[in-house]
Amino acid sequence: MLNLGFISFASPWILTAGAVLPLIWLLLRVTPPAMTKVVFPAMLLMFGLKPTERTPARTPWWLVALRMLILALVLVGLARPLLNADRGDEPGPLLVLIDNGWAAAEQWSARVAAARDLIAAADRRGRDVALIPTAPPAAGEPGPAIAFESARAALARLEQVEPRPWPTDRAALATALATLKPDARVQSIWITDTVDGPQRAELAAQLRNMGTLSVIAPDAATLPLVLAAPQRTVGDGGINRIEFTLARIAPADAALPALAYTVRMLDGAANVLARTTVEFAAGRTSAGAGTSLPTELANRVARFDVEGHPGAAATILADDRWQRRPVGIVSGGLAGGGPAGGTAPLLEDAFYIAQALGPSAEIRAGRVDQLLARPLSLIFVTSSTELSEAEARQAADWVNRGGVLVRFAGPRLGAAAGTGTPLLPVNLRDGGGRNLGGALSWGEPAGLGAFPDRSPFALLDVPDDIVIRTQVLAEPSPDLPDRTWAKLADGTPLVTARQDGAGWLVLFHVSATPDWSNLPLSGLFVDMLRKLMDVSRGVGGDDAAAAPATLAPISLLDGLGRQVPPGPTAGAISTTAFATTIAGPDFPPGLYGAPDNRLALNLPPTLRDVTAIGSWPAGVTVRDLSRLDVERDLKPWVLTVALILLLADLALSFALRGLMPSARMAGWRPARGAAIAAVALVAVLTFAAAATAQNADSEAPLDPAVAAAILETRLGYVLTGSADMDRVSDAGLVALTRVLSGRTSAEMRAPAAIDLAAPGLTADHLIPYPMIYWRITGGQTAPSAEAVAAVNHYLRSGGMIVFDAPDQVGAVGAESRTSAGARLADIVGQFDIPPLMELNDEHVLTRSFYLTNGLPGRYATGPIYVERGTNANDAVSSVVIGGRDWAAAWARDASGLPLFPMVPGGEQQREYAYRAGVNMVMYALTGNYKADQVHIPAIMQRLTQ
């Protein structure tokens, strides 16, 4: 290895061949060129003539110099020059310690590249290397070898090192390093993740005592992130509020910049359902944000992560416990309009059911036909409710298709026993139930017995303080034990169930009020109802009612936050121990259980007390990972230059020998060609300078975006000041442009962003765009007077602007303090907008290309306004004003997948949204010509005459 300041040579001995360059120079100079064929004219014409040009006896010096340069470049390239090669020339072995725990996922490729450069430099010097990852291996995998080996073997092992979705174990590593006995001082380099842990300082001191220690750490802008489990609450109208908390792990004295991150919500197919921005203030290590979604969308969420920042700590998997299932209550006490809305709610079953399931389910109340109008997971029929024949038929059909109907006993049900009451899992005895502990009873109130093994309540603990005072009795039958899910201490059934088709009929033999027992006042009642929700998730068959003893891994998270299949060594978790299990090498984070009953084990809940590294021992050098000088191999570049010069030498040699026809015909000479090239170069430079000066004196240079729009047709969108909003607008118009190219003859280029706040904005910046999409957000600033004048001129000159201000829940940007609709009125009021009318089915916009029913977007409802009949600009409306989130409906990611779900029409509505976008663009491009179709019959009749 040879170091020459900023450049190094991996094979410097090849440069010794440069000593023969002077000899080669001499040989090339004395060697005459090849003989030239000369055609002589008649002999008489040659007498007395003297040649004006002479053929040199040796090769021209400049050609020899070119060939010497080519040879020198070849020698330099073969010597393998390296730029920014590691200049550490410490003798002895090299120890590379690389943190590969959960916090190393951020900039993992940069960490691997730094380790690769260090080991490659050691290989060039013949040094032994010990590569040691600090995270423990997964259960069943062999641990890392703590020993020195050849650098090439270490490079091969580096390719197998990957980040782990659990913390590092530096304490165990410190113990293992105590057995390492090197023969010389060791140069140790620690590529750290900045997360502190047990014995981190002791490990650093141990490495420092072995020789020298330097640390490579990330900067404050790429710190590890921890996403806390989202909190979900249900508000009025079934709207779910989801709150996020994001933390960045940094030292207490670090100068933290203000940064913004995007948290995504994805469904099981990796489709993005929603995004929200979390903004960190300068110096803050924690930030929060929230968003609102309808229950149908919130229940589809399967994963939360931080966009562009991989890692298990920045990922939360949502399991079946996240799904807030819609639950219906058919109750007689609905005067107040809700499950607890009666005149005396504490005396109604619906109140106690709603209190038990309110935190984990969406409660709906109403009659059977009202409840079944929307998808439901579970229906409760209270003791005060009597189902009509029609309602009973509807409920029976719903159960047969897979629903779960739960009934509670009461005075009415007890009095009707034995009369063939429908929708019951067992037959009831005549004469009502039995009273325990009453004035006319010899018995005492009974307690609960152990739950049967085949019951969904099998794993629940039975409290000793539950007492049953009144119950309805089941008629004995051979299959009664199989239908019993809960019983009293004396064996009397308390909860019975029967499978009916694909669904279940369940009966509590007590009421849901405290009149018959204190069960509704206990936590066991809540757990039992939640277990019934587990059954309602489509778990069919008798085996489905039994809870598994262990939860097998379904899919696991790797260190980069990707869901991968479980490996052969992944173990199952005991059901009883799952709540206290910590994600780690034995049980990696992921989904456990069965495909229809999944539980998520996430890493962030175990990272509450994580701290960052504050300081390092004296004598330790700390370098920034993002500012490391990357080693670059210049060999390919040097040899490429040599090859280009060799081709140039070949062309010059042919020209000198007269073997190039164009050169002979033009009478080309090297000196003459050089002079012509010099004169041409001077002329071009002079003309360019004069043109630049003249353009600078006359007017400012044209905006490149405007120039591109003039040369090639493209759509435009107005920048809102929100990066998320602008990304949605750009992605939507890019996708719409592709649809236009595939379905119409309109060929457009990529859409352009228009900044109305740019200085010097004029109408000339807007005129080239046939249609401009303007997404209005609640926090958008008002346009300046300069921008208002430019927009007014654009609208009067035939341009069209689509104003989009969605205010629906779940719309992108709908979380602003000020509604988008109110902001739209403020902004539009500043422009010279003509009188408007609501879009109807007769407007040309609905048939400019496709015949459409309105202009649906991501949302299909809400008025759309266009300009009322005008004769200006070919009777084309200059504005389209709505709030249907068209850009979000069109937007797709780089792989072609939709970015946002459609509400409520699904993918069919997305197709209609694309057709609406095509109609808008074709309307802006072609004008109102389709309105003339009404005259076609008269024109055809006139032609026939």
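Note that the structure is a prediction, hence the values are computed from the model and not measured.

**Q** Would you mind showing me how to read the overall build of the protein here?
**A** Tallying secondary structure elements over the protein gives 24 helices and 39 strands in all. Within the protein, the proportion of its 945 residues that are buried is 45%. In the protein, 74% of the contacts between residues at least 6 apart in sequence involve partners at least 24 apart. Summed over its atoms, the accessible surface of the protein is roughly 45,600 Å², and 57% of this surface lies on carbon and sulfur atoms.

**Q** Hey, could you run me through the sheet that holds strand S15 (residues 315-317) in this one?
**A** Consider a sheet: its strands pair through backbone hydrogen bonds, and that pairing is either parallel or antiparallel. Taken in spatial order, the 4 strands make up an open sheet running S12-S11-S14-S15, and their pairing is antiparallel. Each of the sheet's edge strands pairs with one partner strand only, and the pair in question is strand S12 (272-280) and S15. Averaged over all pairs of adjacent strands, the angle between strand axes in this sheet comes to 15 degrees, irrespective of strand direction. Bridge analysis of strand S14 (residues 303-306) against S15 gives 3 bridges, and the strand direction is antiparallel. Each bridged residue has a counterpart across the sheet, and for Phe304 the counterpart in S15 is Ile316.

**Q** I keep staring at the packing of helix H9 (residues 349-357) against helix H13 (residues 523-535) and nothing clicks. Help me out?
**A** Between two packed helices, the angle of one axis relative to the other and the distance separating the axes together describe the packing. Two elements in contact, H9 and H13, have axes whose closest approach is 9 Å; the angle formed by their N-to-C orientations is 75 degrees. Classified by the interaxial angle, the pair formed by H9 and H13 is roughly perpendicular. Taken together, the residues of H13 that come into contact with H9 (itself represented by Tyr352, Ile353, Ala356 and Leu357) are Phe525, Val526, Leu529, Arg530 and Met533. When the residues that make up the contact of H9 with H13 are grouped by side-chain class, the tally is 8 nonpolar, no polar and 1 charged.

**Q** Got a minute to help me understand the sheet that holds strand S38 (residues 865-867) in this structure?
**A** With mixed pairing, the 7 strands of this open sheet are ordered in space as S34-S33-S35-S36-S39-S38-S37. The sheet is open, and its two borders are formed by strand S34 (752-754) and strand S37 (836-838), each paired with just one other strand. Averaged over all pairs of adjacent strands, the angle between strand axes in this sheet comes to 25 degrees, irrespective of strand direction. With 2 bridges joining them, strand S33 (residues 716-718) and strand S35 (residues 771-775) adopt parallel strand pairing. Opposite Tyr717, over in S35, you have Tyr773 as the bridge partner. Packed on one face of the sheet, helix H19 (residues 723-743) meets S33 and S35 and runs near 165 degrees to S33.

**Q** Would you take a moment to explain the confidence of the model for the protein for this structure?
**A** When pLDDT is averaged along the protein, the result is 80, and 79% of the positions lie at 70 or above. Taken as a whole, residues 333-341 scores under 50 in pLDDT and shows 20 contacts with residues more than four places along the chain or in a different chain. Predicted confidence for residues 673-700 stays below pLDDT 50, and this span has 2 contacts to residues more than four positions away or in other chains.

**Q** Help me understand the pairing of strand S7 (residues 211-217) in this model?
**A** The buried count for S7 comes to 6 of 7 residues, which makes it a mostly enclosed element. Pairing of strand S6 (residues 186-191) with S7 involves 6 bridges; the strand directions are parallel. Bridge pairing links Gln187 to Thr212 in S7. Taking the sense of rotation as the criterion, the β-α-β connection linking S6, helix H7 (residues 200-210) and S7 turns out right-handed. The pairing of S7 with strand S31 (residues 621-624) spans 4 bridges and is classified as parallel. In the strand pairing of S31, Val215 is matched with Val622.

**Q** Looking at this structure, how should I read helix H3 (residues 61-78)?
**A** Each α-helix turn comprises 3.6 residues. Residues three or four places apart therefore point the same way. The end-to-end C-alpha separation of H3 is 26 Å, in line with the 26 Å expected for 18 residues at 1.5 Å each. By the burial criterion, the buried members of H3 are Leu63, Val64, Leu66, Met68, Ile70, Leu73, Leu75 and Gly77. Phi for Arg80, located one or two positions after H3, is positive at around 55 degrees.

**Q** Honestly, the nonpolar core in this entry has me stumped. Any pointers?
**A** Of all hydrophobic cores here, the largest spans 49 residues; its most connected members are Phe380, Met528 and Leu529. Listing elements by their share of this core, those giving two or more residues are strand S16 (325-330), H9, strand S18 (378-381), strand S19 (404-408), strand S22 (484-487), strand S23 (493-500), strand S24 (503-508) and H13. Among the elements that line this core, the one with the most residues is H13, at 7 residues. With near-sequence residues (within four places) excluded, Phe380 lies in contact with Val327, Gly328, Ile329, Val330, Ile353, Leu357, Val406, Phe408 and Leu529.

**Q** Just checking my understanding: could you explain the packing of aromatic side chains for this structure?
**A** By convention here, two paired aromatic rings are described through the distance between centres and the angle between planes. In this structure the tally under the stated criterion is 18 aromatic pairs. Arranged with centres 5.2 Å apart and planes meeting at 90 degrees, the rings of Phe351 and Tyr352 form a pair that is edge-to-face. By relative accessible area, Tyr352 is classed as buried at 11%. Ring-pair connections join several aromatic residues into one group, and the members of that group are Phe380, Phe408, Phe508 and Phe525. Lying across the ring of Trp616, Arg200 places its NZ or CZ 4.9 Å from the centre.

**Q** Is there a simple way to explain helix H21 (residues 820-828) in this structure?
**A** Those residues of H21 that fall on the buried side of the exposure criterion are Ala820, Arg823, Leu824, Ile827 and Val828. Considered in projection along H21, the buried side chains sweep an arc of 125 degrees and stay on one side of the axis. Structurally, H21 contributes buried residues whose contacts are with S35, strand S36 (800-804) and strand S39 (879-882).

**Q** When you look at the pairing of strand S10 (residues 239-248) in this model, what are you seeing that I'm missing?
**A** Working note: regular strand, side chains alternate between the two faces of the sheet. By the alternation rule, side chains of S10 split into Asn240, Ile242, Phe244, Leu246 and Arg248, which are all buried, and Ile239, Arg241, Glu243, Thr245 and Ala247, of which none is buried. In this sheet, S10 lies alongside strand S8 (residues 225-227) in antiparallel orientation, the contact comprising 3 bridges. Residue pairing for S10: Leu227 is matched across the bridge by Leu246. In the sheet, S10 pairs with strand S13 (residues 286-294) via 9 bridges, with the strands oriented antiparallel. By the bridge assignment, Asn240 is partnered in S13 with Leu293.

**Q** Looking at this model, I keep getting lost on the packing of helix H4 (residues 108-125) against helix H5 (residues 151-158). Mind explaining?
**A** Packing of H4 against H5 leaves a shortest axis separation of 9 Å and a crossing angle of 165 degrees. Taken together, the axis directions place H4 and H5 in an arrangement best described as roughly antiparallel. Of the two elements, H4 crosses H5, and the hand of that crossing is left-handed. The segment H4 lies against H5, with Val112, Ala115, Arg116, Ile119, Ala120, Ala122 and Asp123 engaging Ala151, Arg152, Ala154, Leu155 and Leu158. A class-by-class count of the residues in the contact of H4 with H5 yields 9 nonpolar, no polar and 3 charged.

**Q** Explanation requested: the environment of Asp369 in the structure shown.
**A** Among the secondary structure elements, Asp369 is positioned in helix H10 (residues 368-371). For the pair Asp369 and Glu391, spaced 22 residues apart in sequence, the C-alpha separation works out to 7.1 Å.

**Q** Any chance you could explain a nonpolar patch on the surface here in plain terms?
**A** A cluster of nonpolar side chains, Leu643, Leu646 and Leu647, forms an exposed patch at the surface whose accessible area comes to about 290 Å². With respect to the element layout, Leu646 can be found in helix H15 (residues 635-656). Here Leu646 falls in the partly exposed class, since its relative accessible area comes to 43%.

**Q** Can you help me understand empty space enclosed by the protein in this one?
**A** To locate leftover empty space, one rolls a probe as large as a water molecule over the atoms. This model, assessed by the stated rule, comprises 2 cavities of 30 Å³ or more. By volume, the largest cavity is sized at about 70 Å³. Together, Trp102, Ala103, Ala105, Glu106, Pro224, Leu225, His309, Pro310, Gly311, Ala313 and Ala314 line the largest cavity. Taken together, the residues of the lining of the largest cavity break down into 8 nonpolar, 2 polar and 1 charged.

Conventions used here
- Residues numbered from 1 in each chain as written.
- Predicted model: local features only at pLDDT ≥ 70, side-chain atom pairs only at ≥ 80, totals over all residues.
- Heavy atoms only, no water.
- Helix = DSSP H or I, 4+ residues; strand = E, 2+ residues; numbered from the N terminus.
- Buried < 20%, exposed > 50% of the residue type's maximum accessible area, 1.4 Å probe, protein only.
- Contact = heavy atoms within 4.5 Å.
- Areas by Shrake-Rupley, 256 points an atom, 1.4 Å probe, with all protein chains shown as cover.
- Pairing = 2+ DSSP bridges.
- Axes fitted to C-alpha atoms, helices over the stretch in contact; angles between N-to-C directions.
- Parallel < 35°, antiparallel > 145°, perpendicular 65-115°, else oblique.
- Nonpolar A, V, L, I, M, F, W, Y, C, P; charged D, E, K, R; others polar.
- pLDDT = per-residue confidence, 0-100.
- Right-handed = clockwise from strand over helix to strand, strands pointing away.
- Expected span 1.5 Å × (residues − 1).
- Core = buried A, V, L, I, M, F, W, Y, C linked by side-chain atoms within 4.5 Å.
- Phe/Tyr/Trp six-rings, centres within 6.5 Å; stacked < 30°, edge-to-face > 60°.
- Lys NZ or Arg CZ within 6 Å of the ring centre and 35° of its normal.
- Arc of directions from axis to C-beta.
- Left-handed = near helix turned anticlockwise from the far one by under 90°.
- Patch = residues over 30% accessible without salt bridge, like charges linked within 9 Å, V, L, I, M, F, W, Y side chains within 5 Å.
- Salt bridge = Lys/Arg side-chain N within 4 Å of Asp/Glu carboxyl O.
- 1 Å grid on protein atoms, 1.4 Å probe; cavity = no way out; pocket = protein on both sides within 12 Å on 5 of 7 lines; lining within 4 Å.
- Points joined across faces, edges and corners; volume = space filled by probe spheres on them.

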